[in-house]
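Listed below are the residues making up each chain.
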Amino acid sequence: MHQEQRPGRRTVLGAAAALGAGAMTLGGGVAPAAAAAPAPASRGGGGSYKDLPVPTVIGHRGACGYRPEHTLGSYEYALAMGADVIEQDVVPTKDGHLVCRHENDITATTDVASHPEFASRKTTKTVDGEKHTGWFTEDFTLAELKTLRAKERIPGNRQHNTLYDGYWQVPTFEEVLKWAEEQGRKRGRRIWLHVETKHPTYFRKAGLGLEERLAKLLRRYNRSGRGGHTFLQSFEPSSLQRLGRLGIDCPKILLLDDLPTRPWDFVEAKDPRTVADLITPAGLKWVSGFAQGIGPWLNLIIPRDAAGKLTKPTTLVRDAHSAGLILHPYTMRNENSFLPADFQRGTDPNAYGDAFGAFKTYFATGIDGIFSDNPDTAALARDAHGRR
Ligand code: G3P
Ligand code: CA
């Protein structure tokens, strides 16, 4: 899995603070739906991803440039900022509930370390070949997890976001589905989601398979079809294939890490193919057999040189389009430390650089969408430089 890059700090706050936490309860619960009727169809008409604005703005972990990631506050803020689609990463609890976390290790994004009653749960595990020491969702029941509070992952860099530490709980995916229906009713359109299965092979081996649980929830909330306003994504091809076999017809996006890496299900199955193999024309054709798009690391679209500057775009956009695949690359962040050197401004790694310049450059390659921690910036850039 692609690791966090050197983090940064946001310097723009005004509008973010003014919008606040919306209609959520302090505990992160969702207000009861005003009516039982389903939310109206989106601006995507019948819900086809082909009707979304292009490049589509995907709120990465919500609007995690401004709020602790994967909280209802982060999701709602992303919507308010103009994101077209809101991203969730899902992992299971011990009792099989899907919750929204970027990884099963909840040490960095919750206050679990300050709960003495859970001190003995701290442990070391190997997840997808990497050792992690901390607390893990699969060792907690949902009731236990609900006693925790979410916090900012990179407080040294996004200090403003620490204001919201402790404000929201860890949401279940079902709470997010209910929240999306409620938001849809308020806004007169269905809300698009982009859901990633995290460590699917690891969890299947642990007896907590993600896909059946996800499929059940998607069906329950009328999101399992091609018009269900839901993208599904994974770094592991077999997870998307399994969802397809379960009859889930949502558009699927295969995430791609750096060139020499291998999806973890390939490692387990002793499949020697790397990401470099998957982005050849033959590899992309294979992907198009079970997915509608790819989600490459941005460096696969435009590599950076040793100094961190952008070089010439690769042929990946053209090749993927030739294979009938759309591209939702990740992740654009406004802070200098994440931007290509060309767009860094000043010497503070946590200050914002020329994010608009970077968006414009990436959009010019012909990508179909982008994950961004700063969906407001992405939406403005899209309105200025998008294709429709
Ligand atoms: O899912 C798109 C992007 O989020 C992939 O990277 O590690 O942030 O989930 P990661
Ligand atoms: Ca993700």
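An unreviewed UniProt entry lists the chain under the name glycerophosphodiester phosphodiesterase, with Streptomyces luteosporeus as the source organism. Turning to the chain, the UniProt annotation filed under Sequence similarities (unreviewed entry) states: "Belongs to the glycerophosphoryl diester phosphodiesterase family."

Participant: Can you lay out the overall build of the chain for me, pointing to particular residues and giving the numbers?
Facilitator: When its secondary structure is counted, the chain shows 13 helices and 11 strands. Burial statistics for the chain: of 388 residues in total, 58% are counted as buried. Within the chain, counting contacts between residues at least 6 apart in sequence, those at least 24 apart form 71% of the total. For the chain, the accessible area works out to roughly 14700 Å², and carbon and sulfur atoms hold 55% of it.

Participant: Requested: an account of the packing of helix 6 (residues 210–220) against helix 7 (residues 237–245), with residues and values cited.
Facilitator: Relative orientation of the contacting elements helix 6 and helix 7 amounts to 45 degrees, with a least axis distance of 10 Å. The angle between helix 6 and helix 7 places the two elements in the oblique class. Every pair of crossing elements has a handedness; the one defined by helix 6 and helix 7 is right-handed. Only Ser239, Arg242 and Leu243 of helix 7 make contact with helix 6, whose side of the interface consists of Glu211, Glu212 and Leu214. By residue class, the composition of the contact of helix 6 with helix 7 is two nonpolar, one polar and three charged.

Participant: I'd like a rundown of helix 4 (residues 173–187), residues and numbers included.
Facilitator: Between its first and last C-alpha atoms helix 4 spans 21 Å; for 15 residues at 1.5 Å apiece the expected length is 21 Å, and the two agree. Taken residue by residue, helix 4 has Phe173, Glu175, Val176, Leu177, Trp179, Ala180, Glu181, Glu182, Gln183 and Gly184 as its buried positions.

Participant: Explain the site of ligand 1 to me, using residue names and the numbers behind them.
Facilitator: In the neighbourhood of ligand 1, 13 residues make up the surrounding shell, with His60, Arg61, His102, Lys198 and Gln233 lying closest. For ligand 1, an oxygen atom lies 2.7 Å from a polar atom in the side chain of His102. Gln233 places a polar side-chain atom, nitrogen or oxygen, 2.6 Å from an oxygen atom of ligand 1. Its free accessible area being 290 Å², ligand 1 has 97% of it covered by the protein chains. Of the residues belonging to the shell around ligand 1, the class tally is four nonpolar, four polar and five charged.

Participant: Describe in detail the coordination of the calcium ion (ligand 2), supporting the description with residues and values.
Facilitator: Only Glu87 (OE), Asp89 (OD) and Glu196 (OE) from the protein coordinate the calcium ion (ligand 2), and they sit 2.1 to 2.4 Å from it. With six donor atoms in place around the calcium ion (ligand 2) and angles of 61 to 157 degrees between them, the coordination shape is irregular.

Participant: Go over the confidence of the model for the chain with me, naming the residues and quoting the values.
Facilitator: Confidence in the prediction for the chain averages 90 pLDDT; 88% of positions are at 70 or higher. Counting contacts from residues 1–45, a segment whose pLDDT is below 50, to residues more than four positions away or on other chains yields 125 contacts.

Participant: Please provide a residue-by-residue account of the packing of helix 4 against helix 6, values included.
Facilitator: One can describe the packing of helix 4 onto helix 6 by two numbers: an axis separation of 11 Å at closest approach and a directional angle of 20 degrees. Between helix 4 and helix 6, the interaxial angle falls into the category roughly parallel. Between helix 4 and helix 6 lies a crossing of right-handed hand. Contacts from Phe173, Glu174 and Leu177 in helix 4 reach Leu214, Leu217, Leu218 and Arg220 in helix 6. Its residues assigned to classes, the contact of helix 4 with helix 6 comprises five nonpolar, no polar and two charged.

Participant: Mind laying out the packing of aromatic side chains, listing which residues take part and the relevant values?
Facilitator: Aromatic ring pairs are defined here through the distance separating the ring centres and the angle between the ring planes. Using the criterion set out here, one finds 12 aromatic pairs in the structure. Measuring from centroid to centroid gives 4.9 Å for Phe118 and Phe140, while their planes differ by 75 degrees, and the two rings are edge-to-face. Residue Phe118 is found in the loop between strand 3 (98–100) and strand 4 (123–127), and its partner Phe140 is found in the loop between strand 5 (130–134) and helix 3 (142–145); the two are separated by 22 residues along the sequence. Relative to Trp168, the ring of Tyr167 has its centre 4.8 Å away and its plane inclined at 75 degrees; by these criteria the two rings are edge-to-face. Classification of Trp168 by relative accessible area gives buried; the value is 1%. By way of ring pairs, the aromatic residues Tyr49, Trp192 and Phe231 are connected into one cluster. Seen from the ring of Phe140, Arg121 lies directly overhead, with NZ or CZ sitting 5.0 Å from the centre. Here Arg333 stacks its cationic end above the ring of Phe338, 4.9 Å away from the centre of that ring.

Participant: Go over the pattern of salt bridges, please, and point to the residues and values.
Facilitator: Applying the stated criterion across every chain, the model contains 25 salt bridges. Where Glu144 meets Arg121, a salt bridge forms, and the shortest distance between an N and an O atom there is 2.8 Å. Remark: Arg121 occurs in the loop between strand 3 and strand 4 and Glu144 occurs in helix 3; sequence separation between them is 23 residues. Put simply, Glu175 and Lys146 hold a salt bridge, and the shortest N to O gap is 2.8 Å. On the criterion of sequence distance, the pair formed by Glu175 in helix 4 and Lys146 in the loop between helix 3 and helix 4 is long-range, its members being 29 residues apart. Each of Arg61, Glu69, Glu103 and Arg153 takes part in salt bridges that share partners, so that together they form one network.

Criteria and cut-off values
Residues numbered from 1 in each chain as written. Chains lettered and ligands numbered in written order. Predicted model: local features only at pLDDT ≥ 70, side-chain atom pairs only at ≥ 80, totals over all residues. Heavy atoms only, no water. UniProt positions renumbered as here; feature names shortened; annotations may be inferred. Helix = DSSP H or I, 4+ residues; strand = E, 2+ residues; numbered from the N terminus. Buried < 20%, exposed > 50% of the residue type's maximum accessible area, 1.4 Å probe, protein only. Contact = heavy atoms within 4.5 Å. Areas by Shrake-Rupley, 256 points an atom, 1.4 Å probe, with all protein chains shown as cover. Axes fitted to C-alpha atoms, helices over the stretch in contact; angles between N-to-C directions. Parallel < 35°, antiparallel > 145°, perpendicular 65-115°, else oblique. Left-handed = near helix turned anticlockwise from the far one by under 90°. Nonpolar A, V, L, I, M, F, W, Y, C, P; charged D, E, K, R; others polar. Expected span 1.5 Å × (residues − 1). Near = heavy atom within 4 Å. Polar contact = N/O pair within 3.5 Å; in protein donor to acceptor, adjacent residues only side chain to side chain. Donors = N, O, S within 2.8 Å, 3.2 Å for Na, K, Ca; no water. Tetrahedral: all angles 85-135°; square planar, octahedral: opposite > 155°, others 65-115°. pLDDT = per-residue confidence, 0-100. Phe/Tyr/Trp six-rings, centres within 6.5 Å; stacked < 30°, edge-to-face > 60°. Lys NZ or Arg CZ within 6 Å of the ring centre and 35° of its normal. Salt bridge = Lys/Arg side-chain N within 4 Å of Asp/Glu carboxyl O.

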